[in-house]
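So the chains spell out like this:
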Amino acid sequence: MDTLSSLQNRLQELEFISRKLEQPDEAFRTHGSEPTAEAAFSYAREFLSTLPDQKAFVEDVTTPKLLQQYPVQDEPRPADEVFSVLRKVFDNVSLNAASGGHLAYIPGGGLYYASLGDYLAAVTNKYSTVFYISPAAVKMENLLIRWMCELVGYPADKSGGYLTSGGSLANLSAIVAARDAKQVKAERVPRSVVYFTHQVHHCVLKDLRVAGLAECVIREVPMTDAYEMRAEALQEMIEEDLRNQLYPWLVVASAGSTDVSAIDPLNDIADIAEKYGLWFHVDAAYGGFFLLTETGRKKMKGIHRADSVVMDPHKGLFMPYGTGAVIVKDVQTLWRSNHFDANYMQDAIPYHDEISPADISPELSRHFRGLRVWLPLQLHGLKPFRAALEEKMLLTQYFYHEVKKLGFETGPFPELSVMIYRYVPEHLKGNTAAINELNARILKKVNADGKVFISSTSLNGEYWLRLAVLSFRTHRNHIDYLLQLLKKITEEEKLSETKLHKA
Ligand SMILES: *Cc1c(COP(=O)(O)O)cnc(C)c1O
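The structure presented is a predicted model; accordingly, all values stated were derived computationally and were not measured. (Residues numbered from 1 in each chain as written. Predicted model: local features only at pLDDT ≥ 70, side-chain atom pairs only at ≥ 80, totals over all residues. Heavy atoms only, no water.)

**Digging into the sheet that holds strand 11 (residues 418–423)**
Here is the rule we go by: One bridge is not enough; two strands pair if DSSP finds at least two bridges between them. Numbering of helices and strands runs from the N terminus, with a helix taken as a DSSP run of H or I at least four residues long and a strand as a DSSP run of E at least two residues long. For helices, the fitted line uses only the C-alpha atoms of the stretch in contact; every axis is such a line through C-alpha atoms, and the angle between N-to-C directions lies from 0 to 180 degrees.
The strand order 10-11-13-12 describes an open sheet built from four strands, whose pairing is antiparallel. Sheet topology places strand 10 (408–410) and strand 12 (455–459) at the edges, where each strand pairs with a single neighbour. Here the strands of the sheet are splayed against their neighbours by 40° on average, with no regard to which way each runs. When strand 10 meets strand 11, the two strands line up antiparallel, connected through three bridges.

Written as structure tokens, this is what we have:
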């Protein structure tokens, strides 16, 4: 009796404390100090309304130290204090990936309605893992995947896939499915050959290693001047490898390379992959959603012939980071590599016509990514997405022409919305080291200004500046700002060169 009553007392104490986690009153109450939910929303409102005036990049050396002053502790901290810390570490420091001035790497932006989707997904905590527990959440994701399969041109009956956290993991999943479908077992790995060009995203190499395929033979297929795979060279390499008793099993094409937005000749590669029985994977993490435009569809002809395709909604659909997708022509391949039966899942009714993410991905419990994609697509419709994507391509072409007028050299005409350029003044022609140094200096000056943020790449030992237009918030004014800045910087460079000469 004594133990029972002390147990009950303890339960009462614990309930009193643990109920603090339920907090609806504090989060939503409308009297007294600002409710916590309201503080979060007013911060979001303020952040978004001041976005056009915020810098795209400010070097950040202090905020990591500031965060160290807020370790996890037993006692709560006041909401005011917590939100003021957030403002300090988020506002006007480091890369502002939400800014339209973000013209580096591959931007995306982060649609506001997607954040509401995330918010509601977290509040309701829907379990988007297995169909029988959460049919609507799983169906929502599967319908988004179905839509992407249609976009690529996959047949409706067998294709499928799932939403991942990004392109790197999506590529990993495709590689694992390819590995198993092509029976690349351990003892076979050192004789198994993978083909791609130097333009392939580095995550493919990382993924091969993670998938236990680091010992595969890697062939870099030669490229055209436009950095696209030379299909006939691929065929020659495969034949040579076959003559040498090697096992060609995978070719990875880029549909929109990260460096220059090059698109490999997908139809020609598909012919070769078919002829020699290779798995044909297309990494369209960056380029995939340009399929929403007429031009994109023309340029990516043949993509439907790939065995697997990766596309990142957090790039071309402007979703917040953490949204990728892998789709395959035959969903059984993903299933074979990932399905598992566990005893604590014994109540799961085998549902033959609705695949669950848990059956075809390495994840079990997972973020309900579908809602953050579904909500903005429903609330905006596709029209503004198509317009934004076409706008980004045309902005890049506009920059291509205008930057030439400023005396810059450019790489190939941009296939999509990424291109390279560099400044090569007459007196430095042939002097690679000096040209590289000059362009690195130009990049530094642009980013020190910070209204726009640019990046660079290195091709055959040459330093190139890179323009990547993909934020939905990037418009003509950002491109014009960059052009003006480049004009100013190169004029300064010329001036100091003349002074140097006179001295
Ligand atoms: C961005 C990118 C990746 C990597 O995707 P993450 O979402 O950053 O993991 C892979 N391939 C290409 C072509 C990319 O542009």
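**Topic: helix 10 (residues 231–243)**
Which entries qualify depends on this criterion: Helix span is expected to be 1.5 Å times the residue number reduced by one. Whether a residue is buried, partly exposed or exposed follows from its accessible area with a 1.4 Å probe, protein chains only, as a fraction of its type maximum: under 20%, in between, or over 50%, in that order. Summarising the geometry, the arc corresponds to the directions from the helix axis toward the C-beta atoms. When checking whether two residues touch, look at their non-hydrogen atoms; a contact exists if any pair is within 4.5 Å.
If you check helix 10, its first and last C-alpha atoms are 19 Å apart, about what 13 residues at 1.5 Å a residue would give, namely 18 Å. Within the span of helix 10, buried status applies to Ala 231, Ala 233, Leu 234, Ile 238 and Asp 241. Angularly, the buried residues of helix 10 cover 155° about the axis, an arc narrow enough to put them on a single face. Looking at helix 10, the residues exposed on the side facing more than 90 degrees away from the buried face are Glu 236 and Arg 243. As for helix 10, its buried residues are in contact with strand 4 (192–196), strand 5 (217–220), strand 6 (247–254) and helix 11 (266–276). Taken from the residues just after helix 10, Gln 245 is the one with a positive phi, measuring 60°.

**Looking at the packing of helix 17 (residues 383–405) against helix 19 (residues 476–502)**
What counts, and what does not: For classification purposes, an angle smaller than 35 degrees is called roughly parallel, one larger than 145 roughly antiparallel, one from 65 to 115 roughly perpendicular, and anything else oblique. Crossing chirality is assigned from the near helix's rotation relative to the far helix, an anticlockwise turn below a right angle marking it left-handed and a clockwise turn marking it right-handed. Put simply, Ala, Val, Leu, Ile, Met, Phe, Trp, Tyr, Cys and Pro go in the nonpolar bin, Asp, Glu, Lys and Arg in the charged bin, and everything else, Gly too, in the polar bin.
Direction vectors running N to C along helix 17 and helix 19 enclose 20°, while the axes themselves pass 10 Å from each other. The angle between the axes of helix 17 and helix 19 places the two elements in the roughly parallel class. Crossing of helix 17 over helix 19 shows right-handed handedness. Residues Leu 395, Tyr 398, Phe 399, Glu 402 and Val 403 of helix 17 lie in contact with helix 19, whose contacting residues are Arg 476, Ile 479, Asp 480, Leu 482, Leu 483 and Leu 486. When grouped by side-chain class, the residues that make up the contact of helix 17 with helix 19 number eight nonpolar, no polar and three charged.

**Some points on the nonpolar core**
Going by this rule: By convention a nonpolar core is built from buried Ala, Val, Leu, Ile, Met, Phe, Trp, Tyr and Cys residues, the set being connected through side-chain atoms within 4.5 Å. Domain borders in the structure are assigned automatically or taken from a domain database.
Residues Phe 280, Val 282 and Val 309 are the most contacted members of the largest nonpolar core, which totals 61 residues. Among the elements that make up this core, the one with the highest residue count is helix 7 (residues 135–152) (seven residues). Two domains each provide a minimum of three residues to this core, namely domain 2 (118–380) and domain 3 (383–502). Here Val 282 is in contact with Ala 253, Ala 255, Leu 266, Ile 303, Ala 306, Ser 308, Val 309 and Val 310, once residues within four sequence places are set aside. In this structure, Val 184, Cys 203, Tyr 247 and Leu 250 belong to the second largest nonpolar core, which totals 31 residues.

**A closer look at the sheet that holds strand 9 (residues 324–328)**
As summarised here, the arrangement of the seven strands in space is 3-9-8-7-6-4-5, forming an open sheet in which the pairing is mixed. Of all the strands in the sheet, the pair left with one neighbour each is strand 3 (160–164) and strand 5. Going from strand to strand, the sheet's axes swing by 15° on average, the running direction of each strand aside. Here strand 4 pairs with strand 6 via four bridges, running parallel.

**Description of the side chain of His 281**
What counts here: As used in this structure description, the phrase polar contact means that two N or O atoms lie within 3.5 Å; if the pair is within protein, one of them must be able to donate a hydrogen and the other to accept it, and residues adjacent in sequence are counted only when both atoms belong to side chains.
Residue placement: His 281 occurs in strand 7 (residues 279–283). In this structure His 281 comes out as buried when scored by relative accessible area, which is 1%. Polar side-chain contacts of His 281 include one of 2.8 Å to the side chain of Ser 308. The residues contacting His 281, other than those within four sequence positions of it, are Asn 171, Ala 174, Leu 250, Val 251, Val 252, Ala 253, Ser 308, Val 309 and Val 310.

**A word on the layout of surface pockets**
Let me state the cut-off plainly: In this analysis a 1.4 Å probe is tested at points of a 1 Å grid over the protein atoms alone, and where it fits but cannot get out there is a cavity; an open set with protein on both sides within 12 Å along at least five of seven lines is a pocket; lining residues have an atom within 4 Å of a point. Grid points are joined across faces, edges and corners, and a volume is the space filled by probe spheres set on the points.
Here the second largest pocket defines a volume of roughly 880 Å³. Lining the second largest pocket are 29 residues, with Tyr 43, Ala 44, Phe 47, Tyr 112 and Ser 115 sitting closest to its centre. Counting residues per element, the ones that place at least two in the lining of the second largest pocket are helix 3 (36–49), helix 5 (79–90), strand 2 (94–95) and helix 6 (112–124). Per element, the largest residue contribution to the lining of the second largest pocket is seven residues, and it comes from helix 3. Both domains that meet at the lining of the second largest pocket, namely domain 1 (11–93) and domain 2 (118–380), each give it at least three residues.

**With respect to the site of the ligand**
For clarity, the threshold we go by: Residues are classed as near a molecule or strand on a simple rule: at least one heavy atom within 4 Å of it. Per-residue accessibility takes into account occlusion by the displayed protein chains alone, with areas from the Shrake-Rupley method and a 1.4 Å probe.
Looking at the ligand, there are 14 residues lining it, with Gly 167, Ser 168, Asp 283, Asp 312 and Lys 315 nearest. Gly 167 is positioned with one of its backbone polar atoms (N or O) 2.7 Å from an oxygen atom of the ligand. Within the complex, the protein chains bury 85% of what would otherwise be the 380 Å² of accessible surface of the ligand. No other element matches helix 8 (residues 167–181), which puts three residues into the shell around the ligand. Looking at the shell around the ligand, its residues break down into three nonpolar, eight polar and three charged.

**Considerations on the packing of aromatic side chains**
We apply this condition: Classification of ring pairs uses Phe, Tyr and Trp, with its six-membered ring standing for Trp, and accepts pairs whose centres are within 6.5 Å; under 30 degrees between planes counts as stacked, over 60 as edge-to-face, and the remaining range as tilted.
Counted under the stated rule, the structure contains 13 aromatic pairs. Considering the side-chain rings of Tyr 43 and Phe 47, the 6.3 Å spacing of their centres and the 50° angle between planes classify their relative orientation as tilted. Residue Tyr 43 and its partner Phe 47 are located together in helix 3, separated by four residues, close to a single helical turn. Each of the two residues, Tyr 43 as well as Phe 47, counts as buried. An aromatic cluster of three or more residues is present, and its members are Phe 399, Phe 408, Tyr 421 and Tyr 423.

**A short note on the domain arrangement of the protein chain**
To be explicit about the condition: Two parts placed together each lose some accessible area under a 1.4 Å probe, and the buried area is that loss summed for both.
Each domain of the protein chain was delimited in the assignment, giving domain 1 (11–93), domain 2 (118–380) and domain 3 (383–502). Between the C-alpha centres of domain 2 and domain 3 there is a distance of 32 Å. In this complex, domain 2 contributes 28 residues to the contact, which on the side of domain 3 involves 19 residues. Summing both sides of the interface, domain 2 and domain 3 together bury roughly 2200 Å²; the carbon and sulfur share of this comes to 70%. Put simply, domain 2 and domain 3 have eight residue pairs in polar contact (both at pLDDT 80 or more) between them. Contributing elements (two or more residues each) for the side of domain 2 that touches domain 3: helix 12 (294–299), helix 13 (313–316) and helix 16 (369–380). Looking at side-chain class alone, the side of domain 2 that touches domain 3 contains 13 nonpolar, nine polar and six charged residues.

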